Amino acid sequence: MENSSSQKNRVITDKVVESISRVEELAYELKIDQVMTHDPQTIAPDVVMEDVLEIFRKALISGAPVVSGDALVGILSMEDLIHCLRKNDLRAPVSEYMTKKVITVKNSEQVIEALKFFVNTKLGRLPVVDIDGKLVGILTKGDVTRGLLKALQQDYQTEELIRYRASHLFEDIESDRTSLILRYDIKAGDFVKGGTASSHIKRALLRLGASPQIARRVGIAIYEAEMNLIIHTTRGGVIRIEIEPHQILMDAYDDGPGIPDVNLAMKPGYSTATEEIRELGFGAGMGLVNISRCVDQMKLESVVDKGTRLKMKIFLNEENTVGEATP
Amino acid sequence: MNVDELRKIVNGKLLTPNSDLSREVKGGCGADLMSDVLASIQPEAVLLTGLCNPQVIRTAQMADVAAVVLVRGKIPPQETIDLAIQERIPVITSPYGMFELCGRLHRAGMPSLEMPVDIDPSAKA
């Protein structure tokens, strides 16, 4: 069983800690239709209050929409029932005690819309109507809580499953040397998209079971390389990552314009970036220096008018392998 | 210190509604050049910056930044806010300037998470 506990420890859960804020996100993602109670218990307006007592008790509910034919005409809650009991008027019809001004929500709306009503009013339940105004369900605070918890659990399980599968990727594949290659095309001048490839690479490594430290080192090195391709190349370039259990090879290459003096380019603070690029927060002349700090090996080759190739390597020790649960 | 306490100290406004306000912030780092940030920042820091483009969020993501505070009441473009929401990085805008912000946070007991720059570039971090 020692094996299974060490496998458990390998699953990285940094994202899981953030699931608290995910609740708010889910309130925007989930539709009311997904969390409401469908086909709710309804009552007719001419039913006497005494019978409502029995309906509530049997269905274990504390309120119900009042429907006449197909139309929603009111809502009756436990409070209305108590009001009626105090007046000792149980023979009266529902229509006399129900709340006639009903606030409804649409089944196609987001859960957040219902939450706004729950927070700002004292309402405990909201009838849910479809686009034609027909009653299709009822929504209580309990429905919302249950719906959110269920979605959260699903979220969590999906990411856990992706991570678990990815972190064992290499185990069942037999070869003398197995590796996973990721390629990204980087467009020149596409500043807004800059960092998308790095972001994907960092996430992939975490899913493969890399330690946060390794993922961070790779992320920073690749991000600097990606920004260099965007800022300095004529026609963009390619980032290629080769992941093996014990090492990560990173390659960034382009076809021009090339670097005239590689040694000078490596000097901290040296940069050929324009004022415009500097205003965007880049061109400090620290990119290649940063890369060399993050990786174990680095090689920069460049030929003017031909292109530049930056090769980087990070070695993973026994405890930090990727794609294998057992080193 | 958590993100909510940080927001109060900098008298700031949260721009990313989905943020986890209980997230721990271990220290601070202030810079406007993203390579400077990447060179010096340690994980779980708040990044104080005057820069508002999406690269601030990408940089924050790569460097495991816990929160971003924009100085002098800057409001970033929507694409920056969208990216921050997507990557779940809290972004706060504060009316104060960089010096005032560093001072306030330092006084509140927040340590620096800027590594002093290694003058020998061949040495490994």
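Reading the values: the criteria
Residues numbered from 1 in each chain as written. Chains lettered and ligands numbered in written order. Predicted model: local features only at pLDDT ≥ 70, side-chain atom pairs only at ≥ 80, totals over all residues. Helix = DSSP H or I, 4+ residues; strand = E, 2+ residues; numbered from the N terminus. Buried ≥ 20, exposed ≤ 12 C-beta atoms within 10 Å, placed from the backbone. pLDDT = per-residue confidence, 0-100. Core = buried A, V, L, I, M, F, W, Y, C linked by C-beta atoms within 7 Å. Contact = placed C-beta atoms within 7 Å. Axes fitted to C-alpha atoms, helices over the stretch in contact; angles between N-to-C directions. Parallel < 35°, antiparallel > 145°, perpendicular 65-115°, else oblique. Nonpolar A, V, L, I, M, F, W, Y, C, P; charged D, E, K, R; others polar. Pairing = 2+ DSSP bridges. Right-handed = clockwise from strand over helix to strand, strands pointing away.

### Details of the overall build of chain B
So, step 1. Within chain B, the secondary structure is distributed over 5 helices and 5 strands.
So, step 2. Listing the helices and strands of chain B from first to last along the sequence gives α-β-β-α-β-α-β-α-β-α.
So, step 3. Considering chain B as a whole, with its 125 residues, one finds that 48% of them fall into the buried category.

### As for the confidence of the model for chain B
Residues and elements named next belong to chain B.
So, step 1. Averaged over all residues, the pLDDT of chain B equals 91, while 93% of them reach at least 70.
So, step 2. Across chain B, the element-wise mean pLDDT spans from 89 in helix 2 (residues 34–40) up to 98 in strand 4 (residues 67–70).
So, step 3. Confidence metrics for the complex model read pTM 0.66 and ipTM 0.86.

### So, the nonpolar core
So, step 1. Formed by 74 residues in total, the largest nonpolar core has its most connected members in A:Ala221, B:Leu47, B:Val65, B:Ala67 and B:Val68.
So, step 2. Ranked by residue count, the leading element in this core is helix 10 (residues 212–232) of chain A, at 12 residues.
So, step 3. When residues no more than four places from it in sequence are discounted, the contact partners of B:Val68 are B:Leu47, B:Thr49, B:Val56, B:Ala60, B:Ile89 and B:Val91.

### Points about the packing of helix 3 (residues 54–62) of chain B against helix 4 (residues 78–86) of chain B
All names here are of chain B.
So, step 1. One can describe the packing of helix 3 onto helix 4 by two numbers: an axis separation of 8 Å at closest approach and a directional angle of 20 degrees. As judged from the angle between their axes, helix 3 and helix 4 are roughly parallel. Here helix 3 contributes Pro54, Val56 and Ile57 to the contact with helix 4, which in turn contributes Glu79, Thr80, Leu83 and Ala84.

### Some points on the interface of chain A and chain B
So, step 1. Across the contact, 28 residues belong to chain A and 27 residues belong to chain B.
So, step 2. Listed by contribution, the elements that provide at least two residues to the side of chain A that touches chain B are helix 2 (19–29), helix 9 (196–207), helix 10 and helix 13 (287–294) of chain A.
So, step 3. Of the residues forming the side of chain A that touches chain B, the biggest block, 6 residues, is contributed by helix 13 of chain A.
So, step 4. Among the residues making up the side of chain A that touches chain B, the classes are represented as 11 nonpolar, 10 polar and 7 charged.

### Comments concerning helix 3 of chain B
So, step 1. Along helix 3 of chain B, 9 of the 9 residues are buried, which leaves the element largely enclosed by surrounding structure.
So, step 2. Of all the positions in helix 3 of chain B, only B:Pro54, B:Gln55, B:Val56, B:Ile57, B:Arg58, B:Thr59, B:Ala60, B:Gln61 and B:Met62 are classed as buried.
So, step 3. In the core, the buried residues of helix 3 of chain B are packed alongside helix 9 and helix 10 of chain A together with helix 2, strand 3 (45–49), strand 4 and helix 4 of chain B.

### Focus on the sheet that holds strand 4 of chain B
Residue and element names in this part refer to chain B.
So, step 1. The sheet built from 5 strands is open, its strands ordered 1-5-4-3-2 with mixed pairing. Among the strands making up the open sheet, the edge pair consists of strand 1 (13–14) and strand 2 (27–30).
So, step 2. Two elements, strand 1 and strand 5 (residues 91–93), share 2 bridges in a ladder whose sense is antiparallel. The residue bridging leucine 14 from the neighbouring strand is isoleucine 92, located in strand 5.
So, step 3. Along the sheet, helix 5 (residues 98–107) makes contact with strand 2, strand 3 and strand 4, crossing strand 2 at roughly 165 degrees.

### Some words on unusual backbone geometry
So, step 1. The residue after A:Gly256, namely A:Pro257, is reached through a cis peptide bond having omega 15 degrees.
So, step 2. The phi torsion at B:Asn11 lies on the positive side, around 55 degrees, for a residue other than glycine.
So, step 3. Among the secondary structure elements, B:Asn11 is positioned in the loop between helix 1 (3–9) and strand 1.
So, step 4. Of note in the backbone geometry, B:Arg72 takes a positive phi value of approximately 55 degrees without being a glycine.

### Details of the environment of A:Pro93
Residue and element names in this part refer to chain A.
So, step 1. With respect to the helices and strands, proline 93 occurs in the loop between helix 5 (78–86) and helix 6 (94–97).
So, step 2. Its 15 C-beta neighbours within 10 Å are what place proline 93 among the partly exposed residues.
So, step 3. A C-alpha to C-alpha distance of 5.8 Å links proline 93 and methionine 49, two positions 44 residues apart in sequence.
So, step 4. The contact partners of proline 93, leaving out residues within four places of it in the chain, are Pro45, Asp46, Val47 and Val48.

### Looking at the pairing of strand 4 of chain B
Residues and elements named next belong to chain B.
So, step 1. Burial of the side chains of strand 4 extends over both faces: Ala67 and Val69 are buried on one face and Val68 and Leu70 on the other.
So, step 2. With 4 bridges joining them, strand 3 and strand 4 adopt parallel strand pairing. Bridge pairing in strand 4 places valine 46 opposite alanine 67.
So, step 3. In this region the chain leaves strand 3, passes through helix 3 and returns to the parallel neighbour strand 4; the handedness of that crossover is right-handed.
So, step 4. Assessed by its sense of winding, the connection that carries the chain from strand 4 through helix 4 to strand 5 is right-handed.

### Some thoughts on the environment of B:Gly27
All names here are of chain B.
So, step 1. Considering the arrangement of structural elements, one finds glycine 27 in strand 2.
So, step 2. Glycine 27 gets classed as partly exposed once you count the C-beta atoms within 10 Å, which come to 19.
So, step 3. When the C-alpha atoms of glycine 27 and isoleucine 41 are compared, they prove to be 9.6 Å apart, with 14 residues separating the residues in sequence.
So, step 4. Excluding residues within four positions of it along the chain, glycine 27 makes contact with Ala45, Met110, Pro111, Ser112 and Leu113.

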